Amino acid sequence: MRSENNSYKQIVKATSIFGGVQFFQIVVQIIQTKLIVILIGPIGIGIYDLLNSTIQLVNSFTNFSLRTSAVKTISQPDSNVGQVIFVLKRIVWGTGILGILVMIIFSDILSLWSFGSTDYRLSIIWISITLLITQISTAQIAILQAFRKYKMIAQSALSGSIIGLFISIPIYFYFKIDGVVPVIILSSISSMLRSWYYVKKLSIIEFKPTRQEFFVHFKEIISLGIVLSLSGILVNISNYGIRLYISDIGGLESVGLYASGYFLITKYVNLIFQAMGADFLPRLSASIKCTDLYNKIVNDQIEISMLLIFPLICFFIVFSDIIIVLLYSDQFLPIVSMVNFGMASMLVKAISWSIVFILVAKGETKVFSINEFFTIIHMFLFSLIGFKYFRFVGVGFSMIIGYSLYFIQVYIITKKMYGFKLNHTILKLLTIQFTIVSILLVISSLIVSNIKFLFCTIILIYSLYFTFRELNRRIDLKKIPKKLKILINKKSKQ
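Calculation criteria
- Residues numbered from 1 in each chain as written.
- Predicted model: local features only at pLDDT ≥ 70, side-chain atom pairs only at ≥ 80, totals over all residues.
- Heavy atoms only, no water.
- Helix = DSSP H or I, 4+ residues; strand = E, 2+ residues; numbered from the N terminus.
- Buried < 20%, exposed > 50% of the residue type's maximum accessible area, 1.4 Å probe, protein only.
- Contact = heavy atoms within 4.5 Å.
- Areas by Shrake-Rupley, 256 points an atom, 1.4 Å probe, with all protein chains shown as cover.
- Core = buried A, V, L, I, M, F, W, Y, C linked by side-chain atoms within 4.5 Å.
- Axes fitted to C-alpha atoms, helices over the stretch in contact; angles between N-to-C directions.
- Parallel < 35°, antiparallel > 145°, perpendicular 65-115°, else oblique.
- Left-handed = near helix turned anticlockwise from the far one by under 90°.
- Nonpolar A, V, L, I, M, F, W, Y, C, P; charged D, E, K, R; others polar.
- pLDDT = per-residue confidence, 0-100.
- Lys, Arg positive; Asp, Glu negative; His and termini not counted.
- Salt bridge = Lys/Arg side-chain N within 4 Å of Asp/Glu carboxyl O.
- Phe/Tyr/Trp six-rings, centres within 6.5 Å; stacked < 30°, edge-to-face > 60°.
- Lys NZ or Arg CZ within 6 Å of the ring centre and 35° of its normal.

1. Topic: the overall build of the chain
Move 1: Along its length, the chain carries 16 helices and zero strands.
Move 2: Per-residue burial over the chain gives 55% buried out of 494 residues.
Move 3: A separation threshold of at least 6 residues defines the contact pool for the chain, and within that pool the share at least 24 residues apart is 84%.
Move 4: Per element, the accessible surface of the chain, about 22900 Å² overall, is 68% carbon and sulfur.

Take a look at the structure:
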């Protein structure tokens, strides 16, 4: 049995802080999604998704990926935190106002691209304010992340979800589709206020830098941010283009179906990635100069990522049709295959997601941008081809091909340039997990009877046992209840 080590414990500790909070967050989102489907239907979801895609598209041009670049800059051992935060807040206001102006100026064009007419011009102008609000929230979350205040980030996310539920449901109930714009604006304001509250509790002392120091910190944040934002721009153009293509072929209802499937594939899995990534980048940035150390950190991160995400993937594949009907309705059943194949692709994404952080932590902006450019291009083309010939199942399968190529690509780059190597344990885990997921996909696709659920449930139970056994080898899960009991007793005495 592998001995317990600090790296595994750090990863699991950071992830566990978000675990309970995100469980309730998921419950809130399930309730919210179901009610929204009932109130505004697939077409309403399609309009909401296209407006959000428009925001994300413009935001990718104007936000300069400040969260990631700011976390890296603040986390560095020799960083002058007070000055960096002072500069960051000024950058946030500048980029946020820039985003508003861009969206207002091009509102006619954006409405025409998204909806085929200028009918949604005023809606786009109204929601432009969210670009500034989101930038402020992003900077505040970056500060919390850099200081490793994971409980505050988690609490902010949970309270934001609950407030979002109480905001959106009454508005959709009374205004139906007309409530989409107010919900987008009020939800962003709610998130900003929650993150501001927690940052205020840190009592950070800011220092006004000299003009020369200001430009040094400005350049450090923006230079990496520009490269990262280029990747974000391409991602959002790609997502935007896919939605326009689907809208052109199948209409707003098809966009709503695609958006719902994409949400299921990415949202719940990304909660795990976000929980792990909150601690991963600061820890990796602090040790990036030591090859052996960052090799170990990344390999350990990959192992835990694969183990945590594996049962979730199996669960979705086994019960995807039930989940879709419960969360949405039987109108959304055409996306079952898309969700199944898309969830399977997350297994490969868990590996490549961890490896690419090496490029970010090293500040290799040129290599990172080239890598992301080719990845986004082939993911975009695979999605278009998949939908054209096989509709939603083609989109799901294209994600498996795309993320597999991404993994091969990023591994070759980091191995040749920085000496990164995957350990044998990861290859063994990948082989076992990929085999189990493949069997589930075959059974769920070919067998249509109650026997399917019997076989799949047995495999799901084994996946849970396998994950528990492997995690226990790394962190000794049996000690966790004892530690929780000690912690509870300490708090009760206080």
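2. A look at the environment of Arg-67
Move 1: Structurally, the position occupied by Arg-67 is in helix α2 (residues 66–75).
Move 2: What makes Arg-67 partly exposed here is its relative accessible area of 35%.
Move 3: For Arg-67 and Ala-146, which are 79 residues apart along the polypeptide, the C-alpha to C-alpha distance reads 9.6 Å.
Move 4: Apart from the residues lying within four places of it in its own chain, the contact partners of Arg-67 are Thr-138, Ile-141, Ala-142 and Gln-145.

3. Brief notes about the nonpolar core
Move 1: Core analysis: the largest hydrophobic core is formed by 110 residues, its most contacted members being Leu-51, Leu-284, Ile-302, Ile-355 and Leu-422.
Move 2: Residue contributions to this core peak at 19 residues, all from helix α12 (residues 336–362).
Move 3: Ignoring sequence-local partners within four residues, the contact set of Ile-355 consists of Val-298, Ile-302, Phe-407, Val-410, Tyr-411, Thr-414, Phe-420 and Leu-422.
Move 4: Formed by 29 residues, the second largest nonpolar core is a distinct cluster that contains Phe-64, Ala-70, Leu-132 and Leu-144.

4. Regarding the packing of helix α6 (residues 129–146) against helix α8 (residues 180–200)
Move 1: Between α6 and α8, whose axes approach to 9 Å, the crossing angle comes to 30°. One element, α6, and the other, α8, form an angle in the roughly parallel class. Remark: the crossing between α6 and α8 carries left-handed chirality. Between α6 and α8, the contacting residues are Ile-129, Thr-130, Ile-133, Thr-134, Ile-136, Ser-137, Gln-140, Ile-141 and Leu-144 on the first element and Ile-184, Ile-185, Ser-188, Ile-189, Ser-191, Met-192, Ser-195, Trp-196, Tyr-198 and Val-199 on the second.
Move 2: Among the residues forming the contact of α6 with α8, the class breakdown is twelve nonpolar, seven polar and no charged.

5. Quick look at the confidence of the model for the chain
Move 1: When pLDDT is averaged along the chain, the result is 80, and 86% of the positions lie at 70 or above.
Move 2: Element-level pLDDT for the chain is lowest in helix α16 (residues 479–493), with a mean of 51, against a maximum mean of 92 in helix α5 (residues 121–127).

6. Some words on the side chain of Lys-349
Move 1: Topologically, Lys-349 is positioned in helix α12.
Move 2: An unpaired buried charge is present at Lys-349: no salt bridge exists, and Glu-372, the closest side chain of opposite charge, is 9.8 Å distant.
Move 3: In this view, Lys-349 contacts Asn-270, Phe-273 and Tyr-403; residues no more than four positions away in its chain are not counted.

7. What to know about the pattern of salt bridges
Move 1: Per the stated rule, a full pass over the model turns up four salt bridges.
Move 2: For Asp-108, the salt bridge goes to Arg-121, with nearest N and O atoms at 3.1 Å. Of the two residues, Asp-108 is situated in helix α4 (residues 107–115) and Arg-121 in helix α5; the sequence distance between them amounts to 13 residues.
Move 3: Owing to a relative accessible area of 35%, Asp-108 belongs among the partly exposed residues under this scheme.
Move 4: Arg-473 is paired through a salt bridge with Glu-470; the nearest N and O atoms lie 3.2 Å apart. Placement of both Arg-473 and Glu-470 in helix α15 (residues 450–475) is noted, with a separation of three residues, approximately one turn of the helix.

8. Looking at the packing of aromatic side chains
Move 1: With the rule as written, the count across this model stands at 17 aromatic pairs.
Move 2: Between the aromatic rings of Phe-315 and Phe-316, the centroid separation amounts to 6.4 Å while the plane-to-plane angle is 80°, which identifies the pairing as edge-to-face.
Move 3: For Phe-315, a relative accessible area of 38% gives the class partly exposed.
Move 4: Take Phe-316: its relative accessible area is 6%, and that puts it in the buried class.
Move 5: In this structure an aromatic cluster arises from ring pairing among Phe-310, Tyr-462, Tyr-465 and Phe-466.
Move 6: A cation over a ring is seen here: Lys-176 above Phe-173, with NZ or CZ 5.6 Å from the ring centre.
Move 7: Sitting above the plane of the Tyr-262 ring, Arg-243 keeps its charged end 5.6 Å from the centroid.

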